[in-house]
Amino acid sequence: MGECSWEAGLRMTTSSRLTQRLSWRSMMLLGVVLLLFFVLFVFFQERESLFFESWSVYRLKQDQIIVNPPPGWIAEDPAAMVFNAFAKNGQIALLDDTLIPKIRNQLEAIPWIGHVVQIRRRYPAGLVLQLEYREPVCLVEVTTQRQTTSYFLIGQGREVLDAPDAARAKRLAAQFISIQISQYLVQDRNVCTDSRIIGALFLIEQLGDRLAHYAIRAIQTVPITEGYAFVLVTDANQFTWGACPPLDDPDLAEVRLKTMQRKIDKLDTIVKQYGSLNSANIPDAQKTL
């Protein structure tokens, strides 16, 4: 009777230990499953699903990149530039989480792009770019003594926006006033530091709408004893503006502005008297301002 009781107790102890082992293994297995599920969830959240990224529906072709059209003076296509820079095997992976920062950095390094307003994905396959473009103020035409000519488009902030070839520069000359100089002094290839161009930009700013209304198509720079002078060029006449030093001396700024206004008033008087700056009847004496 005692032996039966001992055997029954032993069986109960063994069964209890087995049950505890099974329960512990189940808990361990459940914990591993939950941990794996959590890791996969975080991984897919962070990577925006590499599994889906491999699907062709999430890969862009060039015609699926939408950009607000650049102005006509810009020769490059921003969508093509983005596609050529980031496409692999003829496609761009839309779900690459580094894509948008890389595109933004590339576009912001382009001189004629002033600001990247927005870059957003459009699912399942599309990329929309909203860009703010800079606007040129003038076309600088540099003709050296060897009769070689180069061109630069300069923006309001003296940015060098583009260096068009001769054929495109000829077309752009109809849109923008040109500054004609004999040598371009380059210190920074991205920002114009040539004092003659800086002075001409200030003159362009002061003349404003008169440039178009009076058909002034170019400003030439002419060396003089101290510095340089400007010549306003129309289709039929040339008007010697004279020196136009930049306003870097605050003590002389007011005097220079008054002198500039006097010359602008004289231009207005000539137009009222002869109808246009292109009139052949304007005497030479009035062509010196």
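Residues numbered from 1 in each chain as written. Predicted model: local features only at pLDDT ≥ 70, side-chain atom pairs only at ≥ 80, totals over all residues. Heavy atoms only, no water.

Here we take up helix α4 (residues 99–108). Taken as a whole, α4 has its buried residues at Leu99, Ile100, Ile103 and Leu107. Looking straight down α4, one finds its buried side chains confined to an arc of 90 degrees; they lie on one side. (Buried < 20%, exposed > 50% of the residue type's maximum accessible area, 1.4 Å probe, protein only. Helix = DSSP H or I, 4+ residues; strand = E, 2+ residues; numbered from the N terminus. Arc of directions from axis to C-beta.)

Quick look at the sheet that holds strand β12 (residues 238–243) now. With respect to topology, seven strands assemble into an open sheet ordered β8-β7-β6-β9-β10-β11-β12, the strand pairing being mixed. Looking at strand neighbours, the two that pair on one side only are β8 (160–162) and β12, the edges of this open sheet. Averaged over all adjacent pairs, the angle separating strand axes in this sheet is 30 degrees, with direction ignored. Bridging between strand β6 (residues 136–143) and strand β7 (residues 149–155) involves seven bridges; their strand directions are antiparallel. (Pairing = 2+ DSSP bridges. Axes fitted to C-alpha atoms, helices over the stretch in contact; angles between N-to-C directions.)

With that settled, consider the confidence of the model for the chain. On average, residues of the chain carry a pLDDT of 82, and 78% of them reach 70 or more. Of all the helices and strands in the chain, helix α2 (residues 50–53) carries the lowest mean pLDDT, 44, while strand β5 (residues 127–133) carries the highest, 95. Every residue in residues 48–54 scores below 50 in pLDDT, and together they form 17 contacts with partners more than four places removed in sequence or on other chains. (pLDDT = per-residue confidence, 0-100. Contact = heavy atoms within 4.5 Å.)

The next thing to look at is the nonpolar core. Counting 36 residues, the largest nonpolar core has Val140, Leu232 and Trp241 as its most contacted members. The set of elements that each furnish at least two residues to this core consists of β6, β7, β9 (177–181), α6 (195–207), β11 (228–233), β12 and α8 (250–274). Looking at this core element by element, the count peaks at seven residues for α6. In contact with Val140, not counting residues within four places along its chain, are Ser150, Tyr151, Phe152, Ile154, Ile179, Ile181 and Ile197. By size, the runner-up hydrophobic cluster in this structure holds 32 residues, among which are Ile74, Phe86, Leu127 and Ala169. (Core = buried A, V, L, I, M, F, W, Y, C linked by side-chain atoms within 4.5 Å.)

Packed helix pairs are specified by the crossing angle of their axes together with the interaxial distance, meaning the distance between the axes. One can describe the packing of helix α3 (residues 78–86) onto α4 by two numbers: an axis separation of 11 Å at closest approach and a directional angle of 125 degrees. As the angle between them shows, α3 and α4 are arranged oblique. The interaxial crossing formed by α3 with α4 has right-handed handedness. Residue-level inspection shows Met81, Val82, Ala85 and Phe86 of α3 in contact with α4, the latter providing Leu99, Lys102, Ile103, Gln106 and Leu107. Split by residue class, the contact of α3 with α4 holds seven nonpolar, one polar and one charged. (Parallel < 35°, antiparallel > 145°, perpendicular 65-115°, else oblique. Left-handed = near helix turned anticlockwise from the far one by under 90°. Nonpolar A, V, L, I, M, F, W, Y, C, P; charged D, E, K, R; others polar.)

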